[in-house]
Amino acid sequence: MSPQQIHMELRGRVAQGVIALVFILICAGLFRLQIQRHSELLNQSENNRIRVKPIVPKRGVISDRFGTELVGNRPSYAISIVRSELDKYTTIRQLSALIGFDSMLIMARLKKNREPSYLPAVIKRDVEFEKIAILEEQYQKYPGITYDPDRVRRYASGISAQCFTGYVGEVIGQNKFSGEIPVREGSLIGKQGIEKKFDEYLRGREGTRYLEISAKGVVLGDLADRPANPGMSGADLILTIDAELQREAANSFDTFCCGAIVAINPKNGEILAIVSKPDYDANIFSGVIPTDVWDKILNDPRKPLLNRPLDGRYPPASQFKLVTAGALLEEGIVTGETVFEPCRGGWQFGRRWFRCWKSAGHGTENVVRAIAESCDTYFYQAGLKLGIDKLAQYARACGFGAPTGVDLPHENSGLTPNSDTLNRMYPDGWTKALTLNLSIGQGELLVTPLQAAQFFAGLANNGTVFTPHLLKTIIFPDGSRVSPPPQISFMLPFSPKTLKILDQGLLAAVHSEDGTAKGIAVTKYKVGGKTGTAQNPHGENHSWFVGFAPFEDPQIVIVVIVENGGNGSAVAAPMVGALLNFYLKRRTDLAESGVEKERG
Amino acid sequence: MAIQYRALDWKLLLAVAALTAIGIGLIYSAHHYSGSELRQGYYLKQIMWFAISLFTAAIVFHIPLKLFDAGSYVFYGISILLLISVLVFGSTRLGATRWFDFGQFSVSPSDIAKLALMLALARFFSYTRGSPLSGRNLAASLIITLVPVALILKQPDLGTSLVFFALMIGAWMWSGLSPGYLALLLSPLVSLIASADTLAWALYFAALLGLIFFLRPGLIFGSITVAINLACGIVTPFVWNSLHNYQRLRILTFLDPGQDPRGAGYQIIQSRISIGSGGLTGKGFLNSTQSRLEFLPERHTDFVFSVLGEEFGFLGSLIVLGLFAFLLFRMVRIALRCRSKFSSYIVFGAATIILFQVFVNIGMTIGITPVTGLPLPFLSYGGTSLVFNWTLIALALAADNAWQEY
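Residues numbered from 1 in each chain as written. Chains lettered and ligands numbered in written order. Predicted model: local features only at pLDDT ≥ 70, side-chain atom pairs only at ≥ 80, totals over all residues. Heavy atoms only, no water.

When you go through chain B residue by residue, the secondary structure sums to 15 helices and three strands. Across the 406 residues of chain B, 56% fall into the buried class. Across chain B, the fraction of contacts at a sequence separation of at least 24, relative to all contacts at a separation of at least 6, is 72%. (Helix = DSSP H or I, 4+ residues; strand = E, 2+ residues; numbered from the N terminus. Buried < 20%, exposed > 50% of the residue type's maximum accessible area, 1.4 Å probe, protein only. Contact = heavy atoms within 4.5 Å.)

Structural data, given as structure tokens:
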């Protein structure tokens, strides 16, 4: 027997002592409830009811990088029904008359809610104050109906912010869990965008009050032995967005219907503006959406719900020539000076004539000129020399065909076909004509505008690609701040020498005599850029442009795609030019005034 | 080995049967006025389970304890595999993955794992060489316990995993661990909790030093205890502060499953009011208005004691508590007179499980322990739980029957 061991008989005593202690504790608890507090609890049991009132936490506010509110809260009232206190159907009819909500709809909402019947089930949010006043005055007429302070989400409108803010909606279905923290059915959680991605931060934590209610329905106050739990507000978020640039970008679409804009800081991956057109007003999701409004959005042929910057898939068109050119240089197939067969407005491959966009032809060119003038003939030959699999391999190494990892839900991967993919798509066989098409970015190849922005941000940043992101800072209710540092996503598969040649091509596209984007005038700065005209079998071509400036020290990369906009140089390029001007001027002004500081 | 039915502890058996019968009556009462036929039929199902339990108990009783002894580690291994497979194949309800669904009824492997751990610990402590309380043995028994606990926490089910810890501590105490030393062993946990408040922790640490001075556990044990406590007390606040708010929230949510918004607070309030309204003698069988418990879906399972308190009052509750106390004292007596170490550990382990569940469940209904979802042995509605608890009794009786021979 070791020194800490006790004798067998003593073990029995200890065990009996523990048992006795447990039973004495329980008996004492029972004595307190059943003998000492009997009359008080009997009275509560016979006369009063206990009502559980959730304290809805303040959902976090979302601001842009300068503190401009993008998503806020508007105080309001919500009407709920506590089913366990509801005694007759007439109450529902009266409520229906008061709030102008069909009683069948009320019944349906009650039926759907699977929470315990003693918890209030929200029937209508954002109820006018006059109606709440009526409920307050005539509480005896409405047994089981409660009203509580609530908050309605307020989204900035007119700046196409819905594509990144997303929206909130009610939790439906039994015992839905979002993350690991349970939420009450009928409470609001993020359903899309930032609201969804950072819901756990924004949501906060619901509190609870326990109220004692007399038989007549009068609230007697908080239950004495159960203090209220105040809950916790959600955390505020500061985004990398520049609301002014966002507004300018949203407005720049002017008469065009559809498309996307992404503006990104190549030095850290911060998204400065992100636009999806056509847009919709996220505020309509705040309450219960009227069916007709919802149907109209859902059946709109322009697909406003498609989040084009990260879920829209387009052929990259001539922008992809940078990948082809990079691969060509890296593989040692050409140097900066190598020329191919001259362009005579197209190229003969086998029995087919592959046209260049410029029917007069480009003549003999090196790779820089071929990029600047976007010569198709040069890249047909390049693609053939590389082969489809090398092309696909470089495209994937440049970030295409995979999500960028942006902090938004529902991102598309796009499509970068290699020979395996094509074998599956065309079981009856395919020809090298497809390779020729792919090498100029047309055909099966599909990218998202965000992937294009990421790729050009890498070109503008010496090959280092940062993960595009929107979250700048989280501000917790206790005032503490967390700012996740920018993450390097990957390196472009190009050597510094190759990058230099590619950048020269991008510079020449804007500034040389025959450059495809010669028209965009950006005062004071040199700009690098590339046009693109995505062939669209269903209608007018899509117009792409991506530009970055200042060329020597790029601060911003902007991608614009205008669906059915036609020629890249005609539509998208001037839009990028205007936005670059706007942003660079704004930067200088801000720096000079020094008044407006970033809040992040 | 002949079974001596005359030597059987009939009084103990009678007490357990009485508890089960009372449970059936309460389940009947709980849903007597319920509109749902399914709910009204719960007591019939429980009667059927009672029969199954008796049958199972009879079989277990006739299996030689030697078999359990020899197969304890195999049984333990199987239970671990079951716990793993329930995480993979089990069905998820209320955010927890605890059950295998077989059409109409479902089985939770946690009960099997409780039994397996009880056998494994009994086996472990009855065959150790030297002192069962050497640091090595304590650590080994801790690991045997932590494996199923980790799998059950993953489900997640904090309440059930606590039963496993109770079993382990029970086995330690039955090996002769003195209460003072137990306090030293558990002190880091207290340190962890007390570290939330610097002053509270300082006071606690001073008390710990006093206890060490008084017990004189030796230089190595004493200094390790002090070091671990210091580490827990000083490091925890730093770790806690470095966590993000949402991470803290997750830990708090996990540690406190009874918190709202799922309305657990409401259940406790109603349970306390109905027990209190029962008074000294209660409102009488079927006479409780049930107005308080009407909205507790668990009133026939987790809150069956509230029905008892309301209908039969303080005196009725005392009778049930008396039956439990009688049962437990009797089991300790059996454990003391067992000749074989293994059977002694088995009986004591069974008593530990029953005592812990009684305490946590009744404590919950009167609001002195947190809501954990542990049923009240023998009284709560539930087939697996009833069969499991009757199996414990059968093992205890078998151990008693064999005390002369085995």
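This part is about the sheet that holds strand β22 (residues 542-549) of chain A. Residue and element names in this part refer to chain A. Taken together, the five strands give an open sheet; going across it, the order is β14-β13-β23-β22-β21, and neighbouring strands pair in antiparallel fashion. Each having just a single partner strand, β14 (271-277) and β21 (528-534) make up the two edges of the open sheet. Sheet twist, expressed as the average angle between the axes of neighbouring strands with direction ignored, equals 5°. Both β22 and strand β23 (residues 556-562) contribute to a ladder of seven bridges, which runs antiparallel. Within the sheet, the bridge partner assigned to F545 lies in β23 and is V560. Packing against the sheet, helix α9 (residues 243-251) makes contact with β13 (259-264), β14 and β23, and its axis sits at approximately 30° to β14. Of the strands in this sheet, β21 and β22 touch helix α19 (residues 496-511), which is tilted by about 75° from β21. (Pairing = 2+ DSSP bridges. Axes fitted to C-alpha atoms, helices over the stretch in contact; angles between N-to-C directions.)

Residue and element names in this part refer to chain B. Taking the largest bend as the criterion, helix α8 (residues 179-194) deviates by roughly 45°, centred on L186, and proline P188 comes between one and four positions later. Buried within α8 we find G180, Y181, L182, L184, S187, P188, S191 and A194. In this structure, the buried residues of α8 make contact with α7 (158-174), α9 (198-215) and α10 (219-242). (Bend = angle between axes of the 7 residues up to and from the residue.)

Residue and element names in this part refer to chain A. All chains considered together, the criterion is met by one disulfide over all chains. Covalent S-S linkage joins C257 and C258, the inter-sulfur distance amounting to 2.0 Å. Classification of C257 by relative accessible area gives partly exposed; the value is 31%. Judged by relative accessible area, which is 5%, C258 ranks as buried. Of all cysteine sulfurs in the structure, the one in C343 sits closest to C356, which takes part in no disulfide; the separation is 3.9 Å. Judged by its relative accessible area of 3%, C356 falls in the buried class. (Disulfide = S-S within 2.5 Å.)

Time to look at the packing of aromatic side chains. Scanning the entire structure with this criterion turns up 26 aromatic pairs over all chains. Among the aromatic side chains, those forming a connected cluster through ring pairs are F320, F400, F455 and F456 of chain A. The ring of Y127 of chain B has R123 of chain B lying over it, and the distance from NZ or CZ to the ring centre is 4.6 Å. (Phe/Tyr/Trp six-rings, centres within 6.5 Å; stacked < 30°, edge-to-face > 60°. Lys NZ or Arg CZ within 6 Å of the ring centre and 35° of its normal.)

On to the pattern of salt bridges, then. Residues and elements named next belong to chain A. By the definition in use, this model includes 30 salt bridges over all chains. One salt bridge connects D199 with R59, and the closest N-O pair in it is separated by 2.9 Å. With D199 in helix α8 (residues 199-203) and R59 in the loop between β1 (49-55) and β2 (62-63), this residue pair connects regions lying 140 residues apart in the sequence. Of the residues examined, D199 reaches a relative accessible area of 2% and is grouped as buried. Residue R59 is classed as buried on the basis of its relative accessible area of 8%. A salt bridge links K321 to D376, with the nearest nitrogen and oxygen atoms 2.6 Å apart. (Salt bridge = Lys/Arg side-chain N within 4 Å of Asp/Glu carboxyl O.)

Residues and elements named next belong to chain A. With respect to the helices, strands and loops of the structure, D407 is situated in the loop between α15 (388-397) and α16 (419-425). The class for D407 is buried, based on a relative accessible area of 11%. Sequence separation of D407 and A433 is 26 residues, and the distance between their C-alpha atoms is 38 Å. Ignoring sequence-local partners within four residues, the contact set of D407 consists of I194, K197, F198, P468, H469, L470 and L471. Within polar-contact distance, the side chain of D407 engages the backbone nitrogen of L470 at 2.9 Å. A polar contact is formed between the side chain of D407 and the backbone nitrogen of L471, at a distance of 3.0 Å. (Polar contact = N/O pair within 3.5 Å; in protein donor to acceptor, adjacent residues only side chain to side chain.)

All names here are of chain A. Among the seven residues of strand β10 (residues 207-213), six are classified as buried, and the element is accordingly described as predominantly covered. When β1 meets β10, the two strands line up antiparallel, connected through seven bridges. Following the sheet pairing, R51 is matched in β10 by L211. Sheet topology note: the β10/strand β11 (residues 219-222) ladder contains three bridges and is antiparallel. Each bridged residue has a counterpart across the sheet, and for E212 the counterpart in β11 is G221.

Side chains three or four residues apart in an α-helix point the same way, a direct result of the helix having 3.6 residues per turn. All names here are of chain A. Buried residues of helix α4 (residues 103-112): S103, I106, R109 and L110, and no others. Buried residues along α4 cover an arc of 120° about the axis, so they all sit on one side. Summarising the geometry of α4, the exposed residues directed more than 90 degrees from the buried face are M104 and K111. As for α4, its buried residues are in contact with β3 (69-81), α3 (89-99), β4 (121-124) and β6 (168-170). The residue sitting at the N-terminus of α4 and contributing the capping side-chain oxygen is D102; that oxygen lies 3.1 Å from the backbone nitrogen of M104. (Arc of directions from axis to C-beta.)

Before going further, it helps to spend a moment on the nonpolar core. F324, L327, M331, I354 and F378 of chain B are the most contacted members of the largest nonpolar core, which has 111 residues in total. Looking at this core element by element, the count peaks at 16 residues for helix α13 (residues 304-337) of chain B. When neighbours within four sequence positions are excluded, I354 of chain B is seen to be in contact with F324, L327, L328, M331, P377, F378, N389, L392 and I393 of chain B. Counting 97 residues, the second-largest nonpolar core is a separate cluster that includes F340, F354, I474 and L502 of chain A. (Core = buried A, V, L, I, M, F, W, Y, C linked by side-chain atoms within 4.5 Å.)

Attention now moves to the domain arrangement of chain A. All names here are of chain A. When cut into domains, chain A gives domain 1 (51-239) and domain 2 (243-296 + 306-593). When each unit is reduced to the centre of its C-alpha atoms, the spacing between domain 1 and domain 2 is 44 Å. Between domain 1 and domain 2, the contact holds 37 residues from the first and 34 residues from the second. Note on domain 1 versus domain 2: buried area summed over both sides is about 3100 Å², and carbon and sulfur give 65% of it. Between R65 and E270 there is a salt bridge, with the nearest N and O atoms lying 2.9 Å from each other. Summed over the shared surface of domain 1 and domain 2, the number is 10 residue pairs in polar contact (both at pLDDT 80 or more). (Domains from an automatic or database assignment. Buried area = accessible area lost by both parts, 1.4 Å probe.)

With that settled, consider the sheet that holds β11 of chain A. Residues and elements named next belong to chain A. The sheet built from three strands is open, its strands ordered β1-β10-β11 with antiparallel pairing. The open sheet is flanked by β1 and β11, the only strands paired with a single partner. Averaged over all pairs of adjacent strands, the angle between their axes in this sheet comes to 35°, without regard to strand direction.

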